[in-house]
Amino acid sequence: MKLIEVILDDENLNEAVRRVKSNKGVAGVDKMTVYEIDTYFQNNKERIKKEILEKKYRPQPVKRVYIPKSNVKKRLLV
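First, a word on scope: everything that follows refers to the structure included in this document.

## A few points about the environment of Gln-42
Inspection of the secondary structure assignment puts Gln-42 in helix 3 (residues 34–53). The partly exposed category is assigned to Gln-42, whose relative accessible area is 45%. Once the C-alpha coordinates of Gln-42 and Asn-14 are considered, the two residues, 28 residues apart in sequence, prove to be 9.2 Å apart.

## Brief notes about helix 3
Compared with the 28 Å implied by 1.5 Å per residue over 20 residues, the 25 Å span of helix 3 between its first and last C-alpha is markedly short. The largest bend along helix 3 measures about 60 degrees and falls at Asn-44. Listing the buried residues of helix 3 in full gives Val-34, Phe-41, Asn-44, Lys-45, Ile-48 and Lys-49. Next to the buried residues of helix 3 lie helix 2 (10–22). Of the residues flanking the end of helix 3, it is Lys-55, one or two places downstream, whose phi is positive at about 60 degrees.

Cut-offs applied
- Residues numbered from 1 in each chain as written.
- Predicted model: local features only at pLDDT ≥ 70, side-chain atom pairs only at ≥ 80, totals over all residues.
- Heavy atoms only, no water.
- Helix = DSSP H or I, 4+ residues; strand = E, 2+ residues; numbered from the N terminus.
- Buried < 20%, exposed > 50% of the residue type's maximum accessible area, 1.4 Å probe, protein only.
- Expected span 1.5 Å × (residues − 1).
- Bend = angle between axes of the 7 residues up to and from the residue.
- Contact = heavy atoms within 4.5 Å.

Written as structure tokens, this is what we have:
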């Protein structure tokens with residue numbers, strides 16, 4: 001089995017969504033909350049998987065987050 005098939009396995013993807021929700025992450029650049037991710041992902045999972053397998057999927061940019069440092073500067077969290 002190819003690695004991408006393991007990654008895109010429904011059980012693995014459902015676990016990933018569960019972990020995102022349990023971490024209570026904040027909305028990204030798409031403004032989608034963790035409460036909305038379940039419905040969105042269940043409605044779009046097959047399309048997303050197909051686009052990834054066909055190398056046509058283009059994820060949205062990652063939201064930049066800066067954390068304050070003790071010297072008043074901020075550091076990019078990566």
